[in-house]
Structures are given as C-alpha cells and as structure tokens.
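Take a look at the letters that make up each chain.
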Amino acid sequence: MAEYTKAQLTEMIVGKLRRNFGRDVDDATPNHMFKACALVLRDIMSSHQMETGNQVWEGQQRQVHYLSLEFLMGRSLEKNAYNLGLLDTLKDALEDLGFSASDLFEKEPDAGLGNGGLGRLAACYLDSMTTLEIPATGYTICYELGIFKQKIVDGKQVEQADNWLGLGDAWLIPKVDETEEVRFGGKVVDHWDERGVNHPEHVGYTTVLAIPRDMEIAGYKTRHTNTLRLWDAKSPVPVDMSYYSRGEYLKAVEQQAMAEVIAKVLYPDDNHYEGKSLRLKQQYFFVSATVQSIVRQHRAQYGTLRNFHEKHVIQINDTHPTLVIPELMRILLDVEGYSWNDAWNIVTHTVAYTNHTVLAEALERWPQGLIENLLPRIWQILKEIAARYQRTLEQHFHGDQSKVSKMAIIWNGEVRMANLCVCACYAVNGVSALHSEILKQDVFHDAYTMRPEQFKNVTNGVDHRRWLSQINPKLDALVKECTGGDDYLLHPEAIRGLEKYKDDQSVLSQLEAIKKENKRRFAAYVARESGVVLNTDAVFDVQVKRLHEYKRQLLNVLHIIHLYNQLRDNPNMEFTPQTFLFGAKAAPGYHVAKKIIQLINSLSAQINADPICKDKLQVVFLENYRVSLAEKLMPASEISEQISTAGKEASGTGNMKFMMNGALTIGTLDGANVEMHQQLGDENIFLFGLTADQVVQLKNQGYIPANYYNSNPAIKRVLDQIRAGFGDGVDYNDIADRLLIGAGGSPADEYLLLADFDSYCQAHRRAIETYADRKLWNQMSLINIARSGIFAADRSIRDYASDIWHVPTRL
Ligand code: 26W
C-alpha cells in the first residue's frame with residue numbers, strides 16, 4: 001500500500017502550484033508542474049527525515065560521512081517517486097491532471113556533478129546506504145556548472161556550459177543557519193605560553209562562506225532518509241566602496257572574487273591530474289566546511305571530541321578530499337587543544353580511503369608552494385605528519401632510501417596525496433579484486449608489507465533498482481514473474497532464480513522480444529533527437545564511457561575498419577548486420593582523445609554513406625553521453641565493449657549495467673570483468689587479449705608494435721587507412737604515429753592495441769557466430785542477468801559496512 005492515495009497526491013501537487021507559483025493546473029507550464037512535484041516529494045522525504053533522523057540521533061550509532069568531489073546524480077523525480085513507492089500513483093495523478101508523466105520526467109536536467117565512474121558510484125552508494133538504513137551523509141560542492149554538454153560540430157567535440165540549476169535546484173534546500181567559514185591565505189603567527197606550548201594564530205586570511213544546499217535522499221521501501229550536502233560558496237562581504245577608505249577594499253574584492261569562482265564549475269578532467277590552484281581551493285573549501293560541520297554536530301551531541309572516531313567514519317572517494325586529514329588535525333590541535341598524539345589517534349581511526357585508479361598521471365601531487373601560500377596552517381601540519389612518517393619509514397626499512405623515497409609524503413617539493421592517505425587512513429581499498437591486488441603488489445607494495453591488514457577490497461556495484469528495474473520495466477516484470485515477486489529489489493541475489501528458466505523457450509522468447517522492443521524505443525529516441533535512423537535488425541554493439549586511451553575506443557575503431565575492409569573486398573559475403581554505437585566525452589584539454597572522437601565521426605560518415613554497408617554496417621557516435629542517455633541505452637544494448645588494457649581499468653561499472661540488462665560482454669580480464677568472468681565462466685562472456693601479468697611481461701621484454709604492422713597485412717592496411725583518413729579531408733597521421741612511433745613522451749602504442757588486435761577480432765567473430773544461434777544467445781543473456789546480483793551496490797555497501805565501517809545494516 002502506497003503511503004499516499006492518488007487523490008492526496010493530486011491535492012498536494014495542486015496546493016504547491018497555487019502557493020508557490022500562483023497557478024492553477026490549467027495555466028501551469030510543465031516546468032511549474034515539475035517543480036511542484038519535486039516540492040511535494042521533498043516534503044514527504046523531509047517528514048520521513050524528521051522521524052528517522054531523531055532515532056539515529058538517540059541511538060548514537062556510528063555515522064558514515066561519504067566525501068566526494070563528484071556526485072553524478074542524474075535525474076531525481078522518477079527515482080524518488082520509485083523509492084517512495086509512489087511512482088505509479090504519481091504517474092496516474094499527473095495523467096489525470098493532463099500532463100504526460102514521461103514528458104515531465106524528461107524535462108528534468110541531469111545533475112551532472114561528476115565526470116564518470118567515480119561520481120556515478122557515489123550516487124549509487126548514497127541510494128544503497130539509505131536503503132540499508134545506514135545513517136550516512138554525502139558531501140560535495142554545489143557546482144553551478146556540471147560536466148559540460150557535448151555538441152558534435154563538423155565531427156569535433158565542442159563544449160557548452162551545463163547550467164543545471166534553473167530546474168535542478170528544485171531538490172535543494174538551503175540551510176543558511178548551518179553556514180561555515182573557510183579561511184585561505186594569510187600567515188601563521190606563533191604564541192608560546194608560559195608552559196612552552198605553542199598556540200598558532202592564523203592572521204590576514206581571506207574568508208569564504210560555505211552554505212549548505214541539502215538534497216534529501218530517499219531509500220527504497222524505508223522511511224530512513226539521508227542527505228547529500230552540497231556546499232555553495234559565498235562572499236562574507238558585499239563589495240562596498242566604503243571599505244576603500246579603510247584600506248580594506250582589496251581584501252573585500254579578493255574575498256568576493258574567490259567566493260564567486262570556487263563553486264563555479266566542475267573540473268572536467270577524468271583520470272588526469274593538473275595542479276591548478278583553483279582545484280586546490282575547491283578541495284580545501286569542501287573539506288574544511290564538511291569537517292567543521294561534522295565537528296559542530298558532534299560537539300552539540302557529546303560535548304567532547306574524545307569519542308569522535310567511535311561515532312564517525314569519514315570515507316574519502318579517491319584522494320580528492322585528502323585534506324580532511326590535516327584539517328581534522330588542525331581542529332583537534334588548535335581549537336580543542338589536544339596533544340599531537342591524541343589528535344593523531346582520533347584522525348587515524350576516523351578516515352578511510354578508496355583508491356579508484358592506478359594510472360600514474362592521475363595521482364595527485366600538489367606543489368608544496370601552492371599549499372604553503374594558500375593554506376599556511378595546513379602546510380605546517382602536513383610537514384609534521386610527513387616528518388614523523390619519514391622517521392617511521394627510515395626505522396622500519398632500516399634506511400633503505402629506495403623505499404623511503406617512494407613512500408614519502410613530501411618529496412621533491414611536492415605533497416603526494418595517496419601516500420598521505422596510506423599513512424593516515426585506517427583502511428585503504430581498491431574497487432575490484434584485481435585492482436586491489438595491484439594496489440598491494442605494486443602501487444602500495446611497501447606499505448602493504450608494513451601493515452597488510454590495512455588493505456581491503458570492495459568490488460564496486462551499481463544501483464540495480466535504477467539500472468535494471470526502473471529503466472527496463474519489461475525486464476523487471478519478467479524477472480519478478482520468474483523469481484516470484486519483487487524480492488530481488490531488496491535481495492539482489494534473488495535474481496539468480498531466473499536461471500532455472502534457461503531452457504524455458506517461452507521465457508527466452510520473451511527475453512528476446514523485450515530486447516527487440518527496447519532497441520526500437522531507443523532507435524525512435526535517437527531518430528527524434530538527431531535524425532539518425534538506427535538499423536534495429538542489426539546487433540547493437542556499444543561502447544560508452546569517458547574517452548581515454550587506456551579504455552581503447554581506438555581498438556574498437558581498428559576492428560570496425562577491418563570489418564569494413566572485408567565487406568569492401570567481398571560485398572556479397574555473408575554478413576551479420578552490426579550497428580556500432582559510441583558515446584564518450586573527452587576532457588577538453590586531452591587532444592588525442594578529442595582526435596579519436598573526430599576519427600569515429602569521420603569513419604561513421606564514410607561507412608553510413610557507403611552503399612556497400614547499407615543494412616549491414618553502421619557506426620554512430622551518440623552526442624552528449626550522460627546518465628539519462630545511459631538509462632535509455634543500456635536496455636537496448638546487446639554487446640558490451642569492455643576492452644581496456646588489462647591492469648588499467650580499476651573496476652568499471654558500466655560493464656555491470658550492461659550485464660544486468662542482458663548484454664553480452666566482449667572484454668579483457670581487467671577490473672571487475674575478472675569477477676564477471678568468475679560468475680559466468682568462459683561460456684558466457686567473450687574474453688580476449690593479454691592478461692595484466694602478460695601486459696607487464698610484454699612491456700618488460702620490450703614491446704615493438706611496428707612488428708605487428710610489418711607482419712600482419714590486416715593491421716597494416718587499417719593503419720594506413722587511418723593515416724589517410726576517410727574522405728572528409730581530415731588525416732589521422734597523429735593517431736597512426738602514436739601507435740607506431742609514439743609521441744609526446746609516451747611510448748609507441750602504450751596501451752597495446754596491436755598486440756590484442758587479432759585476439760579482439762576473434763572474440764568478435766565468436767560473438768557474431770553465437771548471435772546467429774538465437775536460442776544460445778538468449779540463454780547466455782539470461783544467465784548474465786541471473787548472475788548479476790553480486791554487482792548490486794547493496795552488496796558493495798554491505799561489504800563496506802562490515803569490513804571497513806563496522807556499522808550494522810538492515811537486511
Ligand atoms: C585529479 C583528476 C582525476 C579525476 C578523477 C583523477 C582521477 C579521477 C577518478 C578517480 C577517475 C575515475 O572515475 N576512476 C574510475 O572509478 C570508477 C569507480 O570506482 C571505476 O569503476 C573506474 O574503473 C575508474 O576508472
């Protein structure tokens with residue numbers, strides 16, 4: 001039974017329209033209606049929060065604080081209605097009021113406050129933490145502009161500002177009375193007391209106000225409600241000419257300028273570090289406001305910070321919030337007056353670190369001068385942490401400088417954030433079995449030998465209620481029918497019950513029909529949006545993710561060109577129609593990635609216009625890949641491309657979304673593909689390529705891609721074609737050179753595309769052969785869905801709760 005009837009919901013919506021917008025239903029625009037619905041659901045979540053928040057408070061449970069510079073939330077209206085058990089009621093109410101629910105859902109802008117995997121993971125985890133009734137709060141920055149909107153103009157990526165707040169702020173509740181002050185710049189003055197204790201004073205600083213704009217998070221089938229706190233930056237002073245006379249004019253202008261810029265825009269770099277001072281300001285702003293707010297609440301409840309670590313765990317999403325470590329130290333030392341050892345004991349029992357990448361260029365290393373000038377007190381604390389750690393290391397490794405220099409926190413004028421995390425966090429985890437092994441055996445090997453129990457694995461997971469049930473309602477219905485109800489929504493392992501239908505021809509046919517229908521729906525959407533007509537009789541083969549060389553979209557391209565060549569050589573050959581879909585944003589400064597997007601578009605233009613390819617081969621680049629597009633695409637996908645160089649993709653999470661929607665994977669043994677393979681066996685996944693160990697071996701023995709070019713005519717032909725381009729006058733010499741010669745300091749074919757090319761082509765052949773056997777394909781698809789339960793975020797969160805946070809969960 002839903003908590004509200006259609007009549008009650010209707011009355012609430014109509015009331016909001018009247019009171020907040022002065023409109024009757026008849027003259028309400030869809031925007032009004034969207035906002036009214038959001039406000040109604042907000043009210044319901046707030047009342048749940050009031051109830052359950054007090055229980056948590058009195059229960060004195062340990063709380064989880066999930067800190068992330070990114071939360072890629074996507075849309076919330078349908079999601080919140082779903083979790084509150086009000087989706088059908090809301091749809092009915094809207095239709096009665098003369099509005100199309102799906103049109104209204106479609107109005108909502110994506111909250112795109114993230115780049116890709118790491119940001120979307122944080123959003124899925126908020127859902128699961130809430131559903132499992134963990135008292136948890138997410139913290140991030142309320143960026144005015146989210147991840148840029150991508151336009152493709154003449155085949156090239158063009159970035160446009162993503163101003164999402166016009167409608168998106170319907171979900172945000174300002175909490176002005178919970179504002180915090182964050183201080184930048186200035187200097188530290190020492191004050192020694194009569195007992196020889198120093199009381200450092202920070203003077204001459206610039207203040208920025210941090211104002212919470214809270215988003216309520218509803219769990220599924222629970223009244224437990226959590227909060228995502230988004231910090232907005234504001235200046236404490238109006239720029240007022242009267243300051244001029246007091247010599248404070250510049251200070252005022254400075255404060256204004258700093259405040260305005262801090263929350264302006266999300267950095268669009270993914271897996272690539274740049275030591276920009278604004279980014280450091282964002283990190284400290286966010287971290288300082290968050291720690292102060294947690295400490296304030298704790299003090300109000302307990303009157304002391306002595307038990308802080310017993311009541312709170314701070315989980316940091318990659319190293320981006322690492323400054324929580326010195327910031328919490330600062331408060332314990334300077335505000336509470338604790339000794340170094342007491343403060344350190346609290347900090348090192350509070351903070352836990354998740355690593356999300358092993359790419360060297362993604363590791364954060366801040367120039368010490370930047371920190372020294374911007375955060376003088378934090379710098380002093382960092383120096384002390386680093387010095388103490390270095391003494392420990394010298395002792396432990398008997399002065400072995402090769403080890404000490406690798407593990408040092410401050411080295412060569414840089415502060416190494418990952419090493420700081422390893423030093424100060426009570427747990428360090430990777431995000432898939434393979435990735436966590438690589439952390440232990442390679443990236444943090446020496447630290448692992450020092451303290452092996454510190455290192456954990458928590459394999460990523462995705463919100464299966466969103467990524468299966470909500471976006472693929474027909475499949476959801478079939479799963480429910482086969483597994484005896486909606487148990488799987490709270491017990492994702494129950495989806496395994498589907499497997500006993502693997503020989504049931506009726507279920508297999510239904511599965512096939514659902515996929516077909518989802519393909520048609522997706523094609524209709526693409527046609528409406530872009531005019532491109534997808535061939536729904538073709539296999540939908542999809543690679544969607546950020547564009548990065550290690551993810552090897554270019555390998556996919558090489559194979560497509562190879563297929564095209566076969567068709568050209570032999571136009572009458574037997575050919576299974578295939579539609580290759582790409583979606584990817586490139587970081588605006590990542591020129592090679594942008595050039596690869598252009599290459600895909602050049603190739604697409606040529607192939608789609610070639611009569612030889614008609615109804616056989618099609619290549620489409622989907623503009624502006626984002627959460628809400630993924631939601632339409634996953635249910636329509638048949639082949640999932642997960643083809644990163646083994647050892648490079650920490651986990652991947654798109655791979656899991658495809659799997660639970662019945663796509664079959666062509667993939668390397670990388671990231672969570674390894675665990676997918678474990679679940680599926682060789683028979684239900686198309687594996688190819690070198691393993692992580694073999695990649696290391698090949699690199700050590702000296703990899704020469706030119707050998708493949710010279711000995712493999714198919715590779716030579718494809719690379720020569722890339723060099724020349726595809727008839728639109730654009731050449732791709734630079735891309736071919738990167739594979740054969742190397743450029744800009746990176747070795748030739750750094751990501752081993754040519755080494756894996758043959759094996760990749762074979763995997764495709766196996767997949768296409770299998771596709772012809774409809775029964776076998778549908779069985780494999782069913783098995784993929786049935787065995788996807790362990791990739792639910794609920795499972796990941798249970799792992800965090802039991803192995804790292806030590807907090808109870810419901811269920
Ligand atoms: C400082 C620049 C920067 C920005 C973002 C460096 C690194 C990042 C992220 C850590 C990159 C990222 O999103 N990593 C992805 O995290 C996912 C969630 O764990 C994994 O599934 C992906 O494999 C990993 O690439």
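So, a few notes on the structure that sits alongside this text. The structure displayed is predicted, hence computed values, not measured ones. (Residues numbered from 1 in each chain as written. Predicted model: local features only at pLDDT ≥ 70, side-chain atom pairs only at ≥ 80, totals over all residues. Heavy atoms only, no water.)

## Brief notes about the environment of Ile 495
Next up, step 1: Note on placement: Ile 495 falls in the loop between α21 (473-483) and α22 (505-530).
Next up, step 2: Counting along the chain gives 43 residues from Ile 495 to Ala 538, while the straight-line C-alpha distance between them is 29 Å.
Next up, step 3: If we ignore the near neighbours within four places in the chain, the residues touching Ile 495 are Leu 468, Val 479, Thr 483, Tyr 488, Ile 785, Ala 786, Ser 788 and Gly 789. (Helix = DSSP H or I, 4+ residues; strand = E, 2+ residues; numbered from the N terminus. Contact = heavy atoms within 4.5 Å.)

## Let's talk about the sheet that holds strand β24 (residues 664-667)
Next up, step 1: On the basis of which strands lie adjacent, the open sheet formed by six strands has the order β22-β21-β20-β23-β24-β25 and parallel pairing. Whereas interior strands pair on both sides, the edge strands pair on one side only; in this sheet they are β22 (617-622) and β25 (686-687).
Next up, step 2: Across four bridges, strand β23 (residues 639-642) lies against β24 in parallel orientation. Looking at the pairing, Ser 640 lines up with Thr 665 of β24. (Pairing = 2+ DSSP bridges.)

## Thoughts on the nonpolar core
Note that soluble globular proteins tend to have their nonpolar side chains buried in a common cluster.
Next up, step 1: In terms of nonpolar packing, the biggest core is built from 199 residues, with Met 129, Phe 184, Phe 285, Phe 522 and Trp 805 touching the most fellow members.
Next up, step 2: Among all residues touching Phe 285, those that are not within four sequence positions of it are Ile 141, Val 182, Phe 184, Val 208, Leu 209, Ala 210, Trp 231, Asp 232, Ala 233 and Ile 262.
Next up, step 3: Within the second largest apolar cluster, 71 residues are counted, among which are Leu 603, Tyr 703, Tyr 771 and Met 780. (Core = buried A, V, L, I, M, F, W, Y, C linked by side-chain atoms within 4.5 Å. Buried < 20%, exposed > 50% of the residue type's maximum accessible area, 1.4 Å probe, protein only.)

## Describing the sheet that holds strand β17 (residues 414-416)
Next up, step 1: The sheet built from three strands is open, its strands ordered β15-β17-β16 with antiparallel pairing. Each end of this open sheet is capped by a strand with a single partner; those strands are β15 (365-367) and β16 (410-411).
Next up, step 2: Here β16 runs beside β17; their pairing, made up of two bridges, is antiparallel. Bridge pairing in β17 places Trp 411 opposite Glu 414.
Next up, step 3: The strands touched by helix α17 (residues 417-424) within the sheet are β15 and β17, with β17 carrying the most contacts at an inclination of about 45°. (Axes fitted to C-alpha atoms, helices over the stretch in contact; angles between N-to-C directions.)

## Observations regarding the packing of helix α12 (residues 324-335) against helix α13 (residues 340-347)
Next up, step 1: Their axes nearest at 9 Å, the elements α12 and α13 cross at an angle of 140°. The angle between the axes of α12 and α13 places the two elements in the oblique class. The element α12 and its partner α13 pack so that their crossing is right-handed. Of α13, the residues touching α12 (which contributes Ile 325, Leu 328, Met 329, Leu 332 and Leu 333) are Trp 340, Ala 343, Trp 344, Ile 346 and Val 347.
Next up, step 2: Its residues assigned to classes, the contact of α12 with α13 comprises ten nonpolar, no polar and no charged. (Parallel < 35°, antiparallel > 145°, perpendicular 65-115°, else oblique. Left-handed = near helix turned anticlockwise from the far one by under 90°. Nonpolar A, V, L, I, M, F, W, Y, C, P; charged D, E, K, R; others polar.)

## Observations regarding the site of the ligand
Next up, step 1: The environment of the ligand is formed by 20 residues, the closest being His 356, Asn 460, Glu 649, Ser 651 and Gly 652.
Next up, step 2: In this structure, an oxygen atom belonging to the ligand sits 2.8 Å away from a side-chain N or O atom of Asn 460.
Next up, step 3: In the model, an oxygen atom of the ligand is placed 3.2 Å from a nitrogen or oxygen of the Tyr 550 side chain.
Next up, step 4: Taken together, the residues of the shell around the ligand sort by class into seven nonpolar, nine polar and four charged. (Near = heavy atom within 4 Å. Polar contact = N/O pair within 3.5 Å; in protein donor to acceptor, adjacent residues only side chain to side chain.)

## Here's the deal with unusual backbone geometry
Next up, step 1: In the Ramachandran plot, Glu 133 falls in the positive-phi region, its phi being about 60° despite a non-glycine side chain.
Next up, step 2: As for its position among the elements, Glu 133 is in the loop between α6 (117-131) and β4 (136-141).
Next up, step 3: Residue class for Glu 133 comes out partly exposed when judged on its relative accessible area of 30%.
Next up, step 4: The backbone of Lys 221 sits at a positive phi, close to 50°, despite the residue not being glycine.

## A closer look at helix α28 (residues 692-701)
Think of an α-helix as turning once every 3.6 residues; residues three or four places apart then point the same way.
Next up, step 1: Those residues of α28 lying buried are Ala 692, Val 695 and Leu 698. Around the axis of α28, the buried residues are gathered within 125° of arc, so they sit on the same side. Of the residues in α28, the exposed ones pointing more than 90 degrees away from the buried face are Asp 693, Gln 697, Asn 700 and Gln 701.
Next up, step 2: For α28, the elements touching its buried residues are α18 (433-443) and α32 (753-772).
Next up, step 3: Gly 702 lies just past α28 and shows a positive phi near 95°. (Arc of directions from axis to C-beta.)

## Digging into the pairing of strand β11 (residues 206-218)
Next up, step 1: Of all the 13 residues making up β11, 13 are buried; the element is thus mostly covered by neighbouring parts of the structure.
Next up, step 2: Alternating positions in β11 separate into two faces, Thr 206, Val 208, Ala 210, Pro 212, Asp 214, Glu 216 and Ala 218 on one and Thr 207, Leu 209, Ile 211, Arg 213, Met 215 and Ile 217 on the other, with burial throughout.
Next up, step 3: Note: strand β7 (residues 172-174) against β11, three bridges, orientation antiparallel. When the bridges of β11 are listed, Leu 172 appears paired with Met 215.
Next up, step 4: As defined by bridge partners, strand β8 (residues 180-184) adjoins β11 across five bridges and the pair is classed as antiparallel. Along β11, the bridge assignment pairs Arg 183 with Thr 207.
Next up, step 5: Bridge count between β11 and strand β12 (residues 225-234): ten bridges; the pairing is antiparallel. Looking at the pairing, Ala 210 lines up with Ala 233 of β12.
Next up, step 6: The hairpin turn running from β11 into β12, its antiparallel successor, is six residues long, and Lys 221 in that turn takes a positive phi close to 50°.

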